[in-house]
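# Architecture at a glance
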Amino acid sequence: MLCLSACETTGMGGWGGGSGEGRAERLARNGQHADAAGVYIGLATNQVGVERDRLTLLAVEQWLDAGDVTRARSAFRSVTRPGSGTLRWLWNTNSAGLYLYDGEPEAALGILEAMSLQSLPRRDRLRVEALRADTWIQKRDPARAVELMTQRETWLDDRRSIEQNRWRLWQGLVVSDPQVLRASAELTLSPEVREWLTLGSLAASTGQQGIGWVNGAVRWRDANPGHPAMLIFDRFSLPAMPSLDYPRQIALLLPLSGRTAAAGSAIQNGFMGAYFSALAGLDEPQSVRVYDVNAEGGAAAAYSSAVEDGAEFVIGPLLRNSVTELANEILVPVPVLTLNYLPDGVLAPPGLYQFALAPEDEARSAAERALGDGHSRAVALVPNNAWGRRLLTSFTTEFEALGGTLLDYRTYTPGVQDFSNSIEDLMALSGSVRRYQRLRANIGGPLQFDPRRRQDSEFIFLAADAPAGRLLKSQLKFHYSGDLPVYSTSSIHAMDGRPNTDLNGIMFADTPWIIAPQPWIAQLPSVFDEYWPEERRLGRLHAMGYDAYQLIAALSAPRIGPMAEIDGASGKLYLDGDGRVRRKLAWAQFQRGEAVALPELDMPGGPIPDLSDGATQQPPRSADDESWSDETRER
């Protein structure tokens, strides 16, 4: 919950500086903070003493604003704490920024409050006040942050800086807890602060998405034409009038009895969570009627009942055979979003959209992630069943379409304890053993032997559930392959309460709800765990239900061109040409037995390194002479 990015940097008045610094200042003003940091640190390498420290600290400041805390921290450690003066002020604000990135607002505030009482140059004053506002956001007092940023504006004298100041305040509000914003709005005596907090609460609870956000923000805009936030309203791309293009009656078709009732109930709970979050932003009442597909006599019968009852949009059914039944037996007079995909080759009728937590999406995400991390040559290890073959096909198709090469793959038998044969064949260890045996026979005596795995692969795509994954990861390490990165899918993250130390280092795709919930849903997983503890392992279905509601307005509204991407609880959602809603997943890595969120590919820092307890990295070996031809591939 950090608010250091996109902080405008004002002129460096009083700091001097040549043409190189002038370029860095321009880059910083344009929001190109990483580039500005690169210029500053480049200039610092050609200096010594105080001048080198000053330029390094300016680079640290820009890396903090770019969100690259790793580089910022590394460079900051190279500078000794100055005794006093302007260099000390810059050192202090950087130190406070690093405390904020560590989630230590009290430590940051101890530095910043003392500085706020000093007579500071304008540049340093602006930096201190912005960081103080960040600190109060972290301390869950957003009203104080609004007051500080409003006061900070009195030191600005041009429209662009004022707009950046208000946008920076907005960024702090939208990552705040909506309940904290609402409570603060009720307590403040300032109408201007109250409306900042009210609008921020609406944005934080909806993620600035969906009909609830659009209509609520338009009504706020119309009621507050003179509010300071109007200066940034153009960035929201809102319509002139509240949208009326949303269905007033929704039908939810789910299996609420029988062996899949738990899954149906979890989706229903997630759906209603999104519904109640959006309800306040709707101009007209919206009702939801729930139908038990099993009690209704099947998917087609449940759909017909919903249409007869006046449904304007239908969500469900969930099971693939029910989706197939619906597509084959009825026309679609009312749009429907199914919660599973039709089998390949089955044509969807017009008006039928499909949304699924498909493992194939996760396999495709693994291909994209590995390539984004710089790996272009893969081997794969998948179970010898239909699920494994589907994942292998999806991974290979995506990986090779994006320019990667799948060198080889092997299958393993689920349920067994020893996967040595599959691993040895995949990593060409058996070939290494055969060469040793031939050489020993030729020499006629014992030899020192150290098996060598294949050296042409850069990572492993592993399709496995948690029990198999724990065994496979350990056995890969035993078979000289522990140094290879491993990419997997959410199935390896069982959330079964068992320790995951044996999975350390594995990276996997999963829903944001499970890995790193966005600010507007951050409180929901814990709330759902409290009220429905029996559904704790069904969090992905909660996310699916939540997103199903969010998709209604997007699919119902008239549009020209593709549906706008939705930053959903189950992933970033987009609609393909076949009417299927696809997902871009969040990524995590097992570290010390815990799933730790990884940064997105466009964020600095790259993958988090393996922090396995007691793990040792296998050093690279020289390349084997044996080729990896298609003759060794399992058919």
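Rules of the game
Residues numbered from 1 in each chain as written. Predicted model: local features only at pLDDT ≥ 70, side-chain atom pairs only at ≥ 80, totals over all residues. Heavy atoms only, no water. Helix = DSSP H or I, 4+ residues; strand = E, 2+ residues; numbered from the N terminus. Buried < 20%, exposed > 50% of the residue type's maximum accessible area, 1.4 Å probe, protein only. Contact = heavy atoms within 4.5 Å. Areas by Shrake-Rupley, 256 points an atom, 1.4 Å probe, with all protein chains shown as cover. Pairing = 2+ DSSP bridges. Axes fitted to C-alpha atoms, helices over the stretch in contact; angles between N-to-C directions. Salt bridge = Lys/Arg side-chain N within 4 Å of Asp/Glu carboxyl O. Phe/Tyr/Trp six-rings, centres within 6.5 Å; stacked < 30°, edge-to-face > 60°. Lys NZ or Arg CZ within 6 Å of the ring centre and 35° of its normal. Parallel < 35°, antiparallel > 145°, perpendicular 65-115°, else oblique. Left-handed = near helix turned anticlockwise from the far one by under 90°. Nonpolar A, V, L, I, M, F, W, Y, C, P; charged D, E, K, R; others polar.

### Section: the overall build of the protein chain
Helix and strand content of the protein chain: 24 helices and 15 strands. Relative to its full complement of 635 residues, the protein chain shows a buried share of 55%. By sequence separation, contacts in the protein chain at least 24 residues apart represent 66% of the contacts at least 6 residues apart. For the protein chain, the accessible area works out to roughly 27,600 Å², and carbon and sulfur atoms hold 51% of it.

### Quick look at the sheet that holds strand E13 (residues 580-584)
If you trace the eight strands from one edge of the open sheet to the other, you get E2-E1-E3-E4-E5-E13-E12-E11, paired in mixed fashion. The sheet is open, and its two borders are formed by strand E2 (287-292) and strand E11 (566-567), each paired with just one other strand. Where strand E1 (residues 249-254) lies against E2, six bridges are found, and the strand directions are parallel. Bridge pairing in E2 places isoleucine 250 opposite valine 288. Running over the sheet, helix H15 (residues 299-308) touches E1, E2, strand E3 (313-315) and strand E4 (336-338) and is turned about 165° from E1.

### Things to note about helix H16 (residues 320-329)
Listing the buried residues of H16 in full gives Ser322, Val323, Thr324, Leu326 and Ala327. Contact partners of the buried residues in H16: helix H14 (293-296), H15, E4 and strand E5 (352-355).

### Quick look at the pattern of salt bridges
Applying the stated rule across the entire model yields 35 salt bridges. The closest approach of N and O atoms between glutamate 458 and arginine 377, which form a salt bridge, is 3.4 Å. With glutamate 458 in the loop between helix H20 (429-443) and strand E8 (459-462) and arginine 377 in strand E6 (residues 377-383), this pair connects stretches of sequence that are 81 residues apart. For the salt bridge of lysine 584 with glutamate 565, the shortest nitrogen-to-oxygen distance reads 3.1 Å. Taken together, the residues lysine 584 in strand E13 and glutamate 565 in the loop between helix H24 (539-556) and E11 connect sequence positions 19 residues apart. Lysine 584 sits in the partly exposed class, given a relative accessible area of 40%.

### Things to note about the side chain of serine 322
Mapped onto the fold, serine 322 is located in helix H16. Serine 322 has contacts with Val293, Ala299 and Pro317, leaving out every residue within four places of it along the chain.

### Comments concerning unusual backbone geometry
With an omega dihedral of 5°, the bond running from glycine 316 to proline 317 counts as a cis peptide bond. The backbone of methionine 495 sits at a positive phi, close to 50°, despite the residue not being glycine. Locating methionine 495 in the fold gives a position in the loop between strand E9 (486-488) and strand E10 (507-510).

### Structural notes on the environment of threonine 198
Mapping threonine 198 onto the fold places it in helix H11 (residues 191-206). Along the chain, threonine 198 and tryptophan 220 lie 22 residues apart, while their C-alpha atoms are 8.8 Å from each other. Not counting residues within four places of it along the chain, the set of residues in contact with threonine 198 comprises Ala185 and Trp220.

### Focus on the packing of aromatic side chains
The tally for this structure, following the rule as stated, stands at 21 aromatic pairs. Relative to tryptophan 91, the ring of phenylalanine 76 lies with its centre 4.9 Å away and its plane at 35°, an arrangement referred to as tilted. Taken together, the positions of phenylalanine 76 in helix H4 (residues 69-77) and tryptophan 91 in helix H5 (residues 86-101) put the pair 15 residues apart, joining distant regions of the chain. Under the relative-accessibility criterion, phenylalanine 76 is labelled buried at 10%. Seen from their ring centres, tyrosine 412 and phenylalanine 419 are 5.2 Å apart, and the 80° between their planes marks the pair as edge-to-face. Of the two residues, tyrosine 412 and phenylalanine 419, neither departs from the other in class, the shared state being buried. Through a chain of ring-to-ring contacts, three or more aromatic side chains come together here, namely Trp167, Trp170, Trp213, Trp220, Phe233 and Phe236. Positioned over the ring face of tryptophan 167 is arginine 235, at 4.3 Å from the centre of the ring. Cation over ring: lysine 584 sits above tyrosine 574, and NZ or CZ is 5.5 Å from the ring centre.

### Examining the packing of H4 against H5
With their axes 11 Å apart at the nearest point, H4 and H5 run at an angle of 140° to one another. With respect to H5, the axis of H4 lies oblique. The two elements H4 and H5 cross, and the hand of that crossing is left-handed. Between H4, through Val69, Arg73 and Phe76, and H5, the contact on the second element is made entirely by Trp91, Asn94, Ser95, Leu98 and Tyr101. Of the residues belonging to the contact of H4 with H5, the class tally is five nonpolar, two polar and one charged.

### Some points on the packing of helix H6 (residues 105-116) against helix H7 (residues 122-138)
Between two packed helices, both the angle of their axes relative to each other and the distance between the axes serve to describe the pair. The N-to-C vectors of H6 and H7 enclose an angle of 145°; their axes lie 9 Å apart at closest approach. In this structure, H6 crosses over H7, and the sense of that crossing is left-handed. Here Pro105, Ala108, Leu109, Leu112, Glu113, Met115 and Ser116 of H6 lie close against H7, whose contacting residues are Arg125, Val128, Glu129, Leu131, Arg132, Thr135, Trp136 and Gln138. Split by residue class, the contact of H6 with H7 holds eight nonpolar, three polar and four charged.

Honestly, it's all geometry; don't read function into it.
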